[in-house]
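The lines below spell out each chain.
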Amino acid sequence: MRLDLTALLEGRASSQEWDFTYTPDADGPLLPDDIRLTEPIAAHVAVTAHYGYLALTADASCVYETECARCLDVVSRTLTVHAERIIETDAASGGGTQRDADYEDNLLTMENGTADAQDCLTEEILLNLPMYHLCREDCPGLCPRCGKKRAEGGCTCDAKKEIDPRLAILQKLLEKPEE
Ligand SMILES: [Zn+2]
Ligand SMILES: [Zn+2]
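Residues numbered from 1 in each chain as written. Chains lettered and ligands numbered in written order. Predicted model: local features only at pLDDT ≥ 70, side-chain atom pairs only at ≥ 80, totals over all residues.

Enquirer: Tell me about the overall build of the chain, and please be specific about residues and values.
Expert: When you go through the chain residue by residue, the secondary structure sums to five helices and eight strands. Taken over 179 residues, the chain has a buried fraction of 16%. Of the contacts made within the chain by residues no fewer than 6 positions apart, 60% connect residues no fewer than 24 positions apart. (Helix = DSSP H or I, 4+ residues; strand = E, 2+ residues; numbered from the N terminus. Buried ≥ 20, exposed ≤ 12 C-beta atoms within 10 Å, placed from the backbone. Contact = placed C-beta atoms within 7 Å.)

Enquirer: How would you explain unusual backbone geometry if you had to name every residue and give the values?
Expert: For Leu-72, which is not glycine, the phi dihedral falls at a positive 70°. We classify Leu-72 as exposed; it has 12 C-beta atoms within 10 Å.

Enquirer: Please set out the pairing of strand 4 (residues 41–50) residue by residue, giving values where relevant.
Expert: Burial along strand 4 is one-sided: Ile-41, Ala-43, Val-45, Val-47 and Ala-49 are buried, while Ala-42, His-44, Ala-46, Thr-48 and His-50, pointing the other way, are not. Pairing geometry for strand 2 (residues 15–22) and strand 4, over eight bridges, is antiparallel. Directly across from Tyr-22, in strand 4, lies its bridge partner Ile-41. One ladder, built from nine bridges, connects strand 4 with strand 5 (residues 53–67); its direction is antiparallel. By the bridge assignment, His-50 is partnered in strand 5 with Tyr-53. If you look at the hairpin formed by strand 4 and strand 5, you'll find two residues sitting between the two strands, and Gly-52 has a positive phi there, around 90°. (Pairing = 2+ DSSP bridges.)

Enquirer: Account for the environment of Ala-83, with residues named and values stated.
Expert: Note that Ala-83 resides in strand 6 (residues 74–88). The spatial distance from the C-alpha of Ala-83 to the C-alpha of Leu-121 is 6.5 Å, given a sequence separation of 38 residues. Ignoring any residue separated from it by four or fewer positions in sequence, one finds Ala-83 in contact with Ala-58, Cys-120, Leu-121 and Glu-124.

Enquirer: Can you break down helix 3 (residues 118–128) residue by residue, with the values?
Expert: Those residues of helix 3 not exposed but buried are Gln-118, Cys-120, Leu-121, Thr-122, Glu-124 and Ile-125. Contacts from the buried residues of helix 3 go to strand 2, strand 4, strand 5, strand 6 and strand 8 (114–116).

Enquirer: An account of the sheet that holds strand 8 is needed here, citing residue identities and associated values.
Expert: Across the sheet, which stays open at both edges, the three strands sit in the order 1-8-7 with antiparallel pairing between neighbours. Each edge of the sheet is formed by a strand with only one pairing partner; in this case those strands are strand 1 (2–4) and strand 7 (110–111).

Enquirer: Describe the nonpolar core, and please don't skip the residues or the numbers.
Expert: Within the largest apolar cluster, 23 residues are counted, with the highest numbers of intra-cluster contacts made by Leu-56, Ala-58, Ala-60, Ala-117 and Leu-121. Counting only elements with at least two residues in this core, the list comes to strand 4, strand 5, strand 6 and helix 3. Excluding residues that lie within four positions of it along the chain, Ala-58 makes contacts with Ala-43, Val-45, Ala-83, Ala-117, Cys-120 and Leu-121. (Core = buried A, V, L, I, M, F, W, Y, C linked by C-beta atoms within 7 Å.)

So this is what it looks like as structure tokens:
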């Protein structure tokens, strides 16, 4: 959703707030395939007018499902993020002043008096998503031999100490004394 900033730009309001929901689409940054939103991302955005620029603060809550990296069980999580951006409204301010990279990163472009807060929120979600998810910190994962979930006790491999016949041959070779 594009925010209509005209009231702020024309001095009819000094601050404005928006609440909206969105689902990232191909027009902007997308979430990884294994992150499935269970509901649209809920966003709250506030913009305040200053001399020569608008200050935007945005918060979003992202409710999603993904798989446990060890046992592949479904994991449900909520991630909340916060973003702050500057929208320059005075064309002259873009001139000779030296800007550092941080400042550039925090700039949001305005087009025809509107700005898009979705993409910066999605970027913030991407930055804050964990590298992987676990259903619980000590998830024992799947048995590499039978593929059953170790947490459910369905696997008795350790108890039986069965050896795959193909591996048994290897084991014999390894046990063979060197000549
Ligand atoms: Zn797990
Ligand atoms: Zn097993």
